[in-house]
Amino acid sequence: MNELAPSHGDILAALFKRNEVTMTEIATLIHRDRSTVTQLVRKLERKGYVFSKENASDRRSSFVCLTEKGKSLEPFFKQVTKDLYTRAYSGMTDEEISRFQQLVGKIYHNMD
């Protein structure tokens, strides 16, 4: 994955959850400003991972979608995510994990 930066991963992860997303929606989902998202998406387009298509209901915006090359990365991302969670939660009980997730959720909500 040498040609992708971690910030590209945020965009790809958002697209794995939805088939098509506007730039504004991506910016909201990954907590980045729209201009940064636009630059990152353009790089992903040049590398062949995503493409843009017209939003028929609002011509001022367009949808970002995964190409087949982009879709092929999903199993890799899922495995990396699983490995990270396994490592992060190592030695913790299910109760501890649940409580930790609740607390992080509260912090996240407070910062939003």
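You'll find the structure just up there.
Anyway, here's the lowdown on the structure attached to this text. (Residues numbered from 1 in each chain as written. Predicted model: local features only at pLDDT ≥ 70, side-chain atom pairs only at ≥ 80, totals over all residues. Heavy atoms only, no water.)

**Some remarks on the overall build of the protein chain**
Check the secondary structure of the protein chain and you find six helices and three strands. N-terminal to C-terminal, the α/β element order of the protein chain is α-β-α-α-β-β-α-α-α. Of all 112 residues assigned to the protein chain, the portion counted as buried reaches 30%. Taking the contacts inside the protein chain whose residues are at least 6 apart along the sequence as the reference set, 46% of them involve residues at least 24 apart. Counting only carbon and sulfur atoms, one obtains 52% of the accessible surface of the protein chain, whose full area is about 8,100 Å². (Helix = DSSP H or I, 4+ residues; strand = E, 2+ residues; numbered from the N terminus. Buried < 20%, exposed > 50% of the residue type's maximum accessible area, 1.4 Å probe, protein only. Contact = heavy atoms within 4.5 Å. Areas by Shrake-Rupley, 256 points an atom, 1.4 Å probe, with all protein chains shown as cover.)

**Points about unusual backbone geometry**
One non-glycine residue, His 31, adopts positive backbone phi at about 60°. Relative to the helices and strands, His 31 resides in the loop between α2 (23-30) and α3 (34-46). On the accessibility criterion, His 31 (49% relative accessible area) is partly exposed.

**With respect to the packing of aromatic side chains**
A complete count under the given rule lists four aromatic pairs for this structure. Ring centres of Phe 76 and Phe 77 lie 6.1 Å apart, and the angle between their planes is 80°; on these two criteria the pair is classed as edge-to-face. You can call Phe 76 partly exposed: its relative accessible area is 41%. Owing to a relative accessible area of 18%, Phe 77 belongs among the buried residues under this scheme. Taken together, the ring pairs connect Phe 16, Phe 76 and Phe 77 into an aromatic cluster. (Phe/Tyr/Trp six-rings, centres within 6.5 Å; stacked < 30°, edge-to-face > 60°.)

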